[in-house]
Amino acid sequence: GAVVSQHPSWVICKSGTSVKIECRSLDFQATTMFWYRQFPKQSLMLMATSNEGSKATYEQGVEKDKFLINHASLTLSTLTVTSAHPEDSSFYICSARASGRGLETQYFGPGTRLLVL
Amino acid sequence: GENVEQHPSTLSVQEGDSAVIKCTYSDSASNYFPWYKQELGKGPQLIIDIRSNVGEKKDQRIAVTLNKTAKHFSLHITETQPEDSAVYFCAASRYNFNKFYFGSGTKLNVKP
């Protein structure tokens with residue numbers, strides 16, 4: 001139980017294009033989903049917290065117009081990197097917090113590696 | 001806000017030995033402490049967690065201890081195996097808060 005998937009697992013795109021990453025909770029409902037960014041050999045950096053049906057809360061320094069987050073249902077959240085540039089290349093990981101069980105725990109997806117050329 | 005420090009940054013042990021990773025936190029209101037294992041190129045996987053009303057929790061070869069007074073908690077892995085090699089992250093959180101504060105990570109290398 002508590003499986004979170006991400007799609008795609010990796011993506012290469014040209015500079016200036018937009019990329020959408022999906023995060024799904026497969027066997028539970030997630031009232032809250034989180035998006036992290038991780039640089040090589042570093043810890044997880046929280047980008048934003050999204051609650052189903054409401055606007056995402058972004059961490060300080062994260063551009064909300066560049067990283068669009070939508071949490072349309074209890075099992076799906078999307079992160080869209082708009083007008084991507086090489087500096088946006090990174091490992092993006094989502095996590096989901098289960099509603100009704102283990103509320104304090106986050107279950108992570110497998111991550112999406114983004115390379116912007 | 002909360003600040004979580006993790007040590008050591010790298011740890012190398014011989015197969016069969018024990019490994020201990022330590023974390024300290026600053027916010028006395030934090031009351032939930034999970035540990036995650038991250039293998040190369042993958043997302044973090046929850047391996048064990050502990051709440052502040054418990055001093056120790058064990059799951060087979062893995063245990064976590066918590067000292068609320070000193071505000072530190074530790075991960076103990078006994079009888080290490082090569083497949084334990086990974087990066088381990090500790091985190092601290094309040095129950096009603098969404099946010100997890102992560103440590104900087106420990107790269108564990110178990111030598112066969």
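Only a predicted model underlies this, so the values are computations on that prediction, with no experimental measurement involved.

Chain A puts 22 residues into the contact, and the matching count from chain B is 19 residues. Here chain A meets chain B over a buried area of about 1,500 Å², counting both sides, of which 52% is carbon and sulfur. Between the two partners, chain A and chain B, sit one salt bridge. Across the pair A:Glu59 and B:Lys99 runs a salt bridge, and its minimum N-O distance is 2.5 Å. Viewed at the interface, chain B and chain A are joined by six residue pairs in polar contact (both at pLDDT 80 or more). Of all the secondary-structure elements, those providing two or more residues to the side of chain A that touches chain B are β4 (30-38), β5 (44-51), β9 (90-98) and β10 (106-108) of chain A.

Residues and elements named next belong to chain A. An order of β1-β3-β8-β7 is seen for the four strands of this open sheet, with the pairing classed as antiparallel. Two strands bound the open sheet, and with one partner strand each, they are β1 (4-7) and β7 (67-73). Recorded for the sheet is a direction-independent mean angle of 15° between the axes of neighbouring strands. Strand direction decides the pairing type here: β1 and strand β3 (residues 19-25), joined by four bridges, are antiparallel.

Let's shift gears to unusual backbone geometry. Outside of glycine, negative phi angles account for most residues, and trans bonds account for most peptide bonds. Here the bond from A:His7 into A:Pro8 is cis, since omega is 0°, no more than 30 degrees from zero. B:Pro8 follows B:His7 through a cis peptide bond whose omega is -5°. Tracing the sequence through the fold places B:Pro8 in the loop between β1 (4-7) and β2 (10-14). Despite not being glycine, A:Ser83 has its phi angle at roughly 45°, a positive value. With respect to the helices, strands and loops of the structure, A:Ser83 is situated in the loop between β8 (76-81) and β9. In this structure, B:Glu79 is a non-glycine residue whose phi angle is positive, near 45°. By the secondary structure assignment, B:Glu79 is in the loop between β8 (72-77) and β9 (86-92). According to the relative accessible area criterion, B:Glu79 is exposed, its value standing at 51%.

With that settled, the discussion passes to the pairing of strand β11 (residues 112-116) of chain A. All names here are of chain A. What you see with β11 is a clean split: Thr-112, Leu-114 and Val-116 sit on the buried side and Arg-113 and Leu-115 on the side with no burial. Pairing geometry for strand β2 (residues 10-13) and β11, over four bridges, is parallel. When the sheet's bridge partners are listed, Trp-10 is paired in β11 with Arg-113.

A few words on the sheet that holds strand β3 (residues 19-25) of chain B. All names here are of chain B. Here we have five strands laid out as an open sheet, ordered β1-β3-β8-β7-β6, and antiparallel in their pairing. Sheet topology places β1 and β6 (56-59) at the edges, where each strand pairs with a single neighbour. Adjacent strand axes in the sheet meet at a mean angle of 15°, parallel and antiparallel pairs treated alike. Sheet topology places β6 next to strand β7 (residues 62-67); four bridges connect them, and they run antiparallel. Within β7, the residue paired with Asp-59 across the bridge is Ile-62.

Moving on, we come to the nonpolar core. Grouped together as the largest cluster of nonpolar side chains are 27 residues, with contacts concentrated most on A:Val4, A:Phe28, A:Trp35, A:Phe67, A:Leu79, A:Tyr92 and A:Leu114. Look past the residues within four positions of A:Tyr92 in its chain and what remains in contact with it is A:Gln6, A:Ile21, A:Tyr36, A:Arg37, A:Met47, A:Phe67, A:Leu79, A:Gly111, A:Thr112 and A:Leu114. Listed in part, the 24 residues of the second largest apolar core include B:Tyr25, B:Leu66, B:Ile77 and B:Tyr88.

Our next topic: the environment of B:Glu39. Residues and elements named next belong to chain B. Its place among the elements puts Glu-39 in the loop between β4 (32-38) and β5 (45-51). Accessibility expressed as a relative area gives 30% for Glu-39, which makes it partly exposed. Considering only alpha carbons, one finds Glu-39 and Ser-85, 46 residues apart in sequence, at a separation of 7.8 Å. Dropping the residues within four chain positions of it, Glu-39 is found in contact with Glu-83 and Ala-86.

Analysis parameters
- Residues numbered from 1 in each chain as written.
- Chains lettered and ligands numbered in written order.
- Predicted model: local features only at pLDDT ≥ 70, side-chain atom pairs only at ≥ 80, totals over all residues.
- Heavy atoms only, no water.
- Contact = heavy atoms within 4.5 Å.
- Buried area = accessible area lost by both parts, 1.4 Å probe.
- Salt bridge = Lys/Arg side-chain N within 4 Å of Asp/Glu carboxyl O.
- Polar contact = N/O pair within 3.5 Å; in protein donor to acceptor, adjacent residues only side chain to side chain.
- Helix = DSSP H or I, 4+ residues; strand = E, 2+ residues; numbered from the N terminus.
- Pairing = 2+ DSSP bridges.
- Axes fitted to C-alpha atoms, helices over the stretch in contact; angles between N-to-C directions.
- Buried < 20%, exposed > 50% of the residue type's maximum accessible area, 1.4 Å probe, protein only.
- Core = buried A, V, L, I, M, F, W, Y, C linked by side-chain atoms within 4.5 Å.

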